[in-house]
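# Topology and contacts: notes
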Amino acid sequence: MPRRRITFRQLETFAAVAKHRSFTRAADALHLTQPAISIQVRQIADTIGLPLFEQQGRDLTLTRAGEELIDTVRSLDDVWNRFESAIDEIKGLRRGVLRVALVTTAKYFLPRMLGAFCKRYPEIDIQLEIASRDQIVARMRGNQDDLYVMSHPPADLEIVSYPFLDNEYVVIAPADHWAVGQNVALRALAQEPFLLREAGSGSRLAIDQHLREVGLTLNVRLSLASNEAIRELVASGLGLAVLSRHALGEHLDPARVAVLAVSDFSLKRPWTVVHLRGKVLSLPAQAFLDALLHTGLA
């Protein structure tokens, strides 16, 4: 297959159609006509000798050849971003794009680190995605970002993980709970109603693993996807909870919620910054990775 017959412009057009799942929406995004979009995608398909999309209802879906091509386009984008960053570096600038995705609990501290990085490198364009762990792992499988921040990296992907900050879990209770101000054992609390993060979240995976290790089962009354909702429900007296200390925020109201002193509960999992093993990190991504590791060690 002659590579010179497929242009960067055609690949950009194909990527837009793959993103928007529509020739019309891709045309709007690229400020082109729909026939121009269709022609460029058809030219790629003719060169490859296989269709790239198939129609399912009103949306387009990628064929197997299309999935292979979008993976290749993303890899090429990584290489090109690093090239552009290198050229800017030669010119004495630190420009480029930094794409970071993080699980929801990390939103309580990571943006501050990102803000400090932005002040140091104001020319770098930041693209930030905050989502559930399952969604972040899906983005990682698709090589959609440079770096990922989570506490429980997937075991089935070829990745490189860098621990950079402690993630401590604590038991919280309503401010008027009988155990506030006392040293208690987790077993003494096990039959009380607990509110935990949803199954599949990094927090829930860490908590469930710890409970299996100590041979204890909690009375889980509700599983929720929101740390804020859990805090509010605990404050209202609905039950106890186990949350990352980072999820409590900087201004926990002691008149509503208290952190219990649980003598036999010590659960820490490091926050990690992760990238695919074969990822070609752009200079902005490498600079932010170095900043995170330096911050975590400081």
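To keep things clear, this report deals only with the structure shown in the data block. All of these numbers come straight from a predicted model, not from anything done at the bench.

## Observations regarding the overall build of the chain
Scanning the chain for helices and strands turns up ten helices and 13 strands. Counting only C-alpha atoms and orienting by the principal axes, one finds that the chain spans roughly 75 × 50 × 30 Å. With 35 positive and 34 negative side-chain charges, the chain shows a spacing of 3 Å between the two charge centroids.

## A short note on the pairing of strand β9 (residues 219-224)
Looking at chain direction, strand β8 (residues 193-197) and β9 are connected through five bridges and run parallel. Paired with Leu195 across the bridge in β9 is Leu222. Taken together, β8, helix α8 (residues 202-214) and β9 form a β-α-β motif whose crossover is right-handed.

## Here's the deal with the nonpolar core
Side chains of a nonpolar character, in soluble globular proteins, are inclined to be buried together. Within the largest apolar cluster, 34 residues are counted, with the highest numbers of intra-cluster contacts made by Leu110, Val149, Phe164 and Phe288. Broken down by secondary-structure element, the contributors of at least two residues to this core are β3 (96-103), α5 (110-120), β4 (124-131), α6 (133-141), β5 (147-150), β6 (159-174), β13 (267-276) and α10 (283-297).

## Describing the pattern of salt bridges
With the rule as written, the count across this model stands at 15 salt bridges. Note that Asp77 and Arg99 form a salt bridge whose closest N and O atoms lie 3.0 Å from each other. A residue pair is termed long-range when its members are at least 10 positions apart, and Asp77 in helix α4 (residues 64-90) and Arg99 in strand β3 qualify at 22 residues. Given a relative accessible area of 10%, Arg99 falls into the buried group. Note that Glu158 and Arg277 form a salt bridge whose closest N and O atoms lie 3.3 Å from each other. Of this pair, Glu158 sits in the loop between β5 and β6 while Arg277 sits in the loop between β13 and α10, and the two are 119 residues apart along the sequence.

## Digging into the packing of helix α2 (residues 23-30) against helix α3 (residues 34-48)
Axis separation between α2 and α3 bottoms out at 8 Å; the angle between their running directions is 105°. With respect to α3, the axis of α2 lies roughly perpendicular. Residues Phe23, Thr24, Ala26, Ala27 and Leu30 of α2 lie in contact with α3, whose contacting residues are Gln34, Ile37, Ser38 and Val41. In terms of residue class, the contact of α2 with α3 is made up of six nonpolar, three polar and no charged.

## Observations concerning the packing of aromatic side chains
Under the definition given, this model contains eight aromatic pairs. A ring pair is formed by Phe109 and Trp271, whose centres lie 5.1 Å apart and whose planes are at 55°; its orientation type is tilted. Linking Phe109 in the loop between β3 and α5 with Trp271 in strand β13, this pair joins segments that are 162 residues apart in sequence. Residue Phe109 is classed as buried on the basis of its relative accessible area of 2%. Aromatic ring contacts, followed pair by pair, group Phe8, Trp80 and Phe83 into a single cluster.

## Notes on the side chain of Gln40
With respect to the helices and strands, the residue Gln40 is situated in helix α3. When its relative accessible area of 13% is taken as the criterion, Gln40 is described as buried. Not counting residues up to four positions away in its chain, the partners in contact with Gln40 are Arg9, Gln10, Thr13 and Leu32.

Quick notes on the rules
Starting afresh in each chain, residues are numbered from 1 along the sequence in its written order. Note on the predicted model: pLDDT of at least 70 is required for a residue's local features to be given, and 80 or more for side-chain atom pairs to be given and counted; whole-chain, interface and lining totals, by contrast, use all residues. Side-chain measures were taken over the full set of non-hydrogen atoms in the model, leaving aside hydrogen atoms and water. Helix numbering and strand numbering both begin at the N terminus, where a helix is a DSSP run of H or I of at least 4 residues and a strand a DSSP run of E of at least 2. Charge counting follows a simple rule: Lys and Arg are positive, Asp and Glu are negative, and His as well as the terminal groups are ignored. Lysine's charge is taken at NZ, arginine's at CZ, aspartate's at CG and glutamate's at CD. Whether two strands pair comes down to DSSP finding at least two bridges between them. Orient the strands so they point away from the viewer, and a crossover whose first-strand-to-second-strand path over the helix runs clockwise is right-handed. What we call a nonpolar core is a set of buried Ala, Val, Leu, Ile, Met, Phe, Trp, Tyr and Cys residues that are connected through their side-chain atoms within 4.5 Å. A 1.4 Å probe rolled over the protein chains alone gives each residue an accessible area, and that area as a share of the maximum for its type sets the label: buried under 20%, exposed over 50%, partly exposed in between. A side-chain nitrogen of Lys or Arg and a carboxyl oxygen of Asp or Glu constitute a salt bridge if their distance falls within 4 Å. Only C-alpha atoms enter the line fits that serve as axes; for helices the fit covers just the stretch in contact. Angles between N-to-C directions range over 0 to 180 degrees. Angles below 35 degrees are treated as roughly parallel, those above 145 as roughly antiparallel, those between 65 and 115 as roughly perpendicular, and all remaining angles as oblique. In this description, contact between two residues means that some pair of their heavy atoms is separated by no more than 4.5 Å. Amino acids are sorted into nonpolar (Ala, Val, Leu, Ile, Met, Phe, Trp, Tyr, Cys and Pro), charged (Asp, Glu, Lys and Arg) and polar (every other residue, Gly among them). A pair of aromatic rings is counted whenever rings of Phe, Tyr or Trp (Trp by its six-membered ring) have centres within 6.5 Å, and the orientation is called stacked for planes under 30 degrees apart, edge-to-face for over 60 and tilted otherwise.

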